[in-house]
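Read off the chains here:
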Amino acid sequence: MKRFLLSLLILCLVLTLKAEDKAPELFDIQKELAAFEVKEVEEGDQETYGELEFYLVTGGPGSMVWENFGHSLILMVSPSSFPVAFDWGIFTFDESFFVNFAFGRLYYEAWETRGEYRIESLIADDRSVSILPLELDTKEKKNLYSFLMYSTEEENRTYLYDYFKDNCATRPRDIISWISGGELEEKLKSQKNTETLRKTVERHLSLSSFPVCWTISYLLGPEVDKESTAYEACFLPSRLEEEIAEWQGNERIEYYASQKRADVPEKWSLKDRSLIMGFFLLLLPLLFLPGKRFLERTGDLLLGIVYLFFGILSSVLVFFALFTIHTVTYGNINVFIISPLAFVSSVAHFLSLGKRRRNKAIGISSAIMGAMALVTLQVRILVPSVIQDSISVFIPALMLYLSELVVSLLLSRRKDQ
């Protein structure tokens, strides 16, 4: 076991170094905006920049998980040229992409592309498109144009993507706030968000499926349960559009409405669906009570798969917490509710497939994992600093552990009689 853990650690370090060798220079937008020279209006600027028009374009949710949250870009329209889209959502698959992704090094790029092509690609995917005119004077247009061109130069275009703090919506937010002298940021930071970031994520992931939503919610740590502001909520493209429209006092233009895609629900409860998941998991150990070999084998197979998934999922969380910069997973108490101990139950169930006796390790591991889950819940309740919302993970896990433990005790008593 020690050799295995040491080999795993060495492998992780080697992969880290291999990926870092190809790490590009990163564009830190906060530092660049702070250092960027604000340009004053000069003679001839009205003719050069005054006729430019800028728009915030918001794309609706798409089919892929990472598209469930929508997309933002800035569109520049000039009377003397074709429309240009400035897009911060570009990433490419290469030999180091998956290694970098595993360690949280999400290298995204800002590109300057033909505006009509970018919008048409959203429409072709049946994603809604809305356009919000940006109300800017000549000075603001000049500075916006200058920074957009600077940030999309080849040596500046790459940045380290962050799910909530640095993405395709937060970059336009920060740039628009900068050209307004910080007015937008000040307004947004003075307003509290009406829901936690976790709730926002869950509502949008409901467009994919319950298993995807539940899995990602398991991986998200307490950072997304803290009180947040409207500024932080603008990691979401649709929220950014809403806030800027309110700030400017104008309305968005609906350019294209999706024909088949469902709207993001205003309210959606992961806890309710986790309770249904819990009842399903609770029933699986009951397959052992009738004493039928077919049912027992079915139960061992299904429970072995469930625990194998739990073991892999919790191991991924441990890896993220120890070896990566996926900061949104740090301090995650879910690892004590569903832990790598699940591998023990998985192996025990698979080993029981060809035997008439239930493996004793199943009851023991269920008791240990159930106790860990209950202690974790008590800590969350009694310690004010532990704010993580883990109920959706706790409910199905505890129902499974208790059912496994009760069935093990009943079968043991039946054997003694």
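Residues numbered from 1 in each chain as written. Predicted model: local features only at pLDDT ≥ 70, side-chain atom pairs only at ≥ 80, totals over all residues. Heavy atoms only, no water.

**Re unusual backbone geometry**
In step 1: Although it is not a glycine, Asp126 sits at a positive phi angle of roughly 55°.
In step 2: In this fold, Asp126 is placed in the loop between helix H5 (115-124) and strand S5 (129-133). (Helix = DSSP H or I, 4+ residues; strand = E, 2+ residues; numbered from the N terminus.)

**Some points on the pairing of strand S4 (residues 107-114)**
In step 1: Pairing geometry for strand S3 (residues 84-90) and S4, over 5 bridges, is antiparallel. Looking across to S4, one finds that Phe86 is bridged to Glu112.
In step 2: Bridge analysis of S4 against strand S6 (residues 158-160) gives 3 bridges, and the strand direction is antiparallel. Each residue of the ladder has a partner; that of Glu109, found in S6, is Thr158. (Pairing = 2+ DSSP bridges.)

**Remarks on the nonpolar core**
In step 1: Phe164, Trp214, Tyr307, Phe310, Ile338, Leu400 and Tyr401 are the most contacted members of the largest nonpolar core, which has 40 residues in total.
In step 2: For this core, the secondary structure elements donating two or more residues are helix H9 (197-205), helix H10 (210-219), helix H13 (270-283), helix H14 (293-323), helix H15 (334-337), helix H17 (360-382) and helix H18 (391-416).
In step 3: The leading source of residues in this core is H18, at 8 residues.
In step 4: Look past the residues within four positions of Ile338 in its chain and what remains in contact with it is Trp214, Tyr218, Phe310, Ser314, Val393, Ala397 and Tyr401. (Core = buried A, V, L, I, M, F, W, Y, C linked by side-chain atoms within 4.5 Å. Buried < 20%, exposed > 50% of the residue type's maximum accessible area, 1.4 Å probe, protein only. Contact = heavy atoms within 4.5 Å.)

**Notes on the side chain of Ser345**
In step 1: Assignment of secondary structure puts Ser345 in helix H16 (residues 342-351).
In step 2: Not counting chain neighbours up to four residues away, the residues in contact with Ser345 comprise Tyr307, Ile362, Ser365 and Met369.

**Considering the packing of H10 against H14**
In step 1: Look at H10 against H14: their axes get within 10 Å of each other, and the N-to-C directions meet at 40°. The angle between H10 and H14 falls in the class oblique. Crossing of H10 over H14 shows right-handed handedness. Counting all contacts with H10, which are made through Trp214, Thr215, Tyr218 and Leu219, the residues of H14 involved are Phe309, Phe310, Leu313, Ser314, Val316 and Leu317. (Axes fitted to C-alpha atoms, helices over the stretch in contact; angles between N-to-C directions. Parallel < 35°, antiparallel > 145°, perpendicular 65-115°, else oblique. Left-handed = near helix turned anticlockwise from the far one by under 90°.)

**Remarks on a nonpolar patch on the surface**
In step 1: Together, Leu301, Ile305, Leu308, Ile312, Val316 and Phe350 give the surface a local cluster of nonpolar side chains, amounting to about 460 Å² of exposed area.
In step 2: In terms of residues, the nonpolar patch owes the most to one element, H14, which gives 5 residues.
In step 3: Locating Ile305 in the fold gives a position in helix H14. (Patch = residues over 30% accessible without salt bridge, like charges linked within 9 Å, V, L, I, M, F, W, Y side chains within 5 Å. Areas by Shrake-Rupley, 256 points an atom, 1.4 Å probe, with all protein chains shown as cover. Salt bridge = Lys/Arg side-chain N within 4 Å of Asp/Glu carboxyl O.)

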